[in-house]
Amino acid sequence: ISLSLALALSDLAAQQVEIKCLFIDEGFGSLDKLTLDQTIDTLEKLQYETKKTIGVISHVEAMQERITTQVRIEKGGQGHSSITVV
């Protein structure tokens, strides 16, 4: 998914289209608690100041506690998954 998003956003940027969203798929699990809190604070501030949609792909529980709107994908059987918006 990350590669597809990166390629699509790169294509839009090349056409000088204003991009109003940011998707981050990063190793939040490797951050200590203080750095993770600072990172989330920074993302919240960035979203507020720029009015851009920021999507974060993460399995880190602390992220789930702080991000109010979530799209959860749960693996099902036989290649199917379920999607819920929380």
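Structure: see above.
Q: Describe in detail the pattern of salt bridges, supporting the description with residues and values.
A: Going through the model one piece at a time under the given rule, you end up with five salt bridges. The salt bridge involving Asp 37 is made with Arg 66; its shortest N-O contact spans 3.6 Å. Of the two residues, Asp 37 sits in helix H2 (residues 33-50) while Arg 66 sits in helix H3 (residues 61-66), which places them 29 residues apart along the sequence. Classification of Asp 37 as partly exposed rests on a relative accessible area of 25%. The salt bridge partner of Lys 45 is Glu 49, with a shortest N-O separation of 3.9 Å. Linking Lys 45 with Glu 49, this pair stays in helix H2, spanning four residues, or about one helical turn.

Definitions and cut-offs
Here, residues in each chain are numbered from 1, in the same order as that chain's written sequence. This being a predicted model, a pLDDT of at least 70 is required before a residue's local features are given, and a value of 80 or more before pairs of side-chain atoms are given or counted; all residues contribute to the totals for chains, interfaces and linings. Side-chain metrics in this entry use all non-hydrogen atoms of the structure; hydrogen atoms and water are not considered. Any Lys or Arg side-chain nitrogen located within 4 Å of an Asp or Glu carboxyl oxygen qualifies as a salt bridge. Helix and strand assignments follow DSSP, with helices taken as H or I runs no shorter than four residues and strands as E runs no shorter than two, numbered in order from the N terminus. Each residue's exposure class comes from its accessible area (1.4 Å probe, protein chains only) as a fraction of the maximum for that residue type: buried when under 20%, exposed when over 50%, partly exposed otherwise.

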